[in-house]
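# Survey of secondary and tertiary structure
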Amino acid sequence: MSKIASIAAAATIATLSSLFIKSAAADNLKVVSTFSIISDFAKNVGGDRIDLTTLVGPDGDAHVYEPKPADGAALSEADVVLVNGLQFEGFLDRLVEASETKAPIVELTKGVEPLRAMDEEHEHEHEHEGEAAEGHDHDHEHEEEHEHEEGHHHHGEFDPHAWQSVHNAEIYVTNISAAFCSVDQAGCDVYKSNAEAYLAKLKALETSVKAELADIPADKRTVITSHDAFGYFEHEYGLKFLAPEGISTEAEASAADVAKLIDQIKEDKASALFVENITNTALIDQISAETGLKVGGTLYSDALSGPSEPAATYIDMMNHNVATLKKAITGN
């Protein structure tokens, strides 16, 4: 074959290869995830077979997120939409309706044993107290106010932050693998294999987290965070988390709530105080000034960090949180 013919053949092969790669990319599963932690799970399961769009990115707060037009477009083109469920994504129903998406909406907390939300119980307590104190004449006004609050920051009777338990993260990953298999049977073996490899890492993480936290003394296991995002961590790993805000960051703490928390901190002898990557530090700074507790660092609750920060993946996030908690409490 002449040199010119060889070059022409090589160019043809390169062109065909390029077309094949574009075709393969076009056939990738179009996945939309509502926030960064779910996206990390999806990447580990989907690998290079998925094209992933994340609605609420690193350090973003899904509690107060306002969707953009591009989000609706992403949903309308999606093959599958991965969501947390348990009413975590307050923006979701409106966005799904506006996008007219035909993609399955997969709630990843299906199979999780949900914990009851503490602020749900407190809401009912305040409601009864308000009725008793203000009397029948104010009942209707109180109900309207309560309904208005619910429309903006109510997250249902269960705590949605289930990923804060590694065991629950395993359920998320299993659900993602099943969802991908249901819409892309040709890639099912790949998804299952990727999921198994990642689940093995999560099992190792669970062992490590429990071992790291086991030697924290029983009388030093109460800590303070910005909002009530660590209920599953508390339930699974035996620390007690107190927070001035409830399940949603949109529900601002009242002065009475903060005063009550400060009294509780003094009574329980809390060991450490932490800010969260998604919340303003002002409230924690105020509590620090009034109690003398130093801020022990930043915990990642509802979102991962950017790639150059210490919680760029779920495994990094859990390891960082455990190390930060342990160092602030024990000094090690």
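For clarity, every value in this text was computed on a predicted model and none was experimentally measured. (Residues numbered from 1 in each chain as written. Predicted model: local features only at pLDDT ≥ 70, side-chain atom pairs only at ≥ 80, totals over all residues. Heavy atoms only, no water.)

### Quick notes on the confidence of the model for the chain
Cut-off, in case you're wondering: What pLDDT reports is the predictor's confidence in each residue, on a scale of 0 through 100. Contact definition: two residues touch when any of their heavy atoms are within 4.5 Å.
Mean pLDDT for the chain: 84, with 79% of residues reaching 70 or above. The low-confidence segment residues 14-25, where pLDDT is below 50, has one contact with residues more than four positions distant or belonging to other chains.

### Here we look at the side chain of Ser-288
This is how it is decided: A run of H or I in DSSP becomes a helix once it reaches four residues, and a run of E becomes a strand once it reaches two; helices and strands are each numbered from the N terminus.
Assignment of secondary structure puts Ser-288 in helix α11 (residues 282-291). Look past the residues within four positions of Ser-288 in its chain and what remains in contact with it is Leu-273, Leu-293, Lys-294 and Val-295.

### Concerning the packing of aromatic side chains
Worth spelling out the cut-off: Within 6.5 Å between ring centres, the rings of Phe, Tyr and Trp (the latter by its six-membered ring) count as paired, and their orientation is classed by plane angle as stacked under 30 degrees, edge-to-face over 60, tilted in between.
Throughout the structure, instances matching the rule amount to 12 aromatic pairs. Members of the aromatic cluster, each reached through a chain of ring pairs, are Phe-41, Tyr-172, Tyr-198 and Tyr-314.

### Quick word on the sheet that holds strand β6 (residues 240-242)
Under the convention used in this document: Here the rule is simple: two strands pair whenever DSSP picks up at least two bridges between them. Axis geometry follows a simple rule: fit a line to the C-alpha atoms, using only the stretch in contact for helices, then measure angles between N-to-C directions, giving values from 0 to 180 degrees.
One open sheet holds the four strands; their spatial order is β6-β5-β7-β8, and the pairing between them is parallel. Looking at the sheet topology across the chains shown, the edges are occupied by β6 and β8 (295-299). On average, each strand axis in the sheet is tilted by 35° relative to the strand beside it, whichever way the strands run. Two elements, strand β5 (residues 222-224) and strand β7 (residues 272-276), share two bridges in a ladder whose sense is parallel.

### Remarks on the sheet that holds strand β1 (residues 29-35)
On the basis of which strands lie adjacent, the open sheet formed by four strands has the order β2-β1-β3-β4 and parallel pairing. A single partner strand is all that each edge strand has here, and the edge strands are β2 (50-56) and β4 (105-107). When the angles between neighbouring strand axes are averaged without regard to direction, this sheet yields 25°. The strands touched by helix α2 (residues 36-46) are β1, β2 and β3 (80-83); relative to β2, the strand with the most contacts, the crossing angle is about 175°.

### Comments concerning the state of the cysteines
To keep it simple, the criterion reads: Cysteine sulfur atoms are paired as a disulfide whenever they fall within 2.5 Å. Think of it in three bands: residues with accessible area under 20% of the maximum for their type are buried, residues over 50% are exposed, and the middle band is partly exposed, with areas taken using a 1.4 Å probe on protein chains only.
Scanning the model with the defined rule gives one disulfide in all. One disulfide in the model links Cys-181 with Cys-188; its S-S distance is 2.1 Å. The chirality of the disulfide connecting Cys-181 with Cys-188 is right-handed, given an S-S dihedral of about 90°. By the burial criterion, Cys-181 is buried, and Cys-188 matches it.

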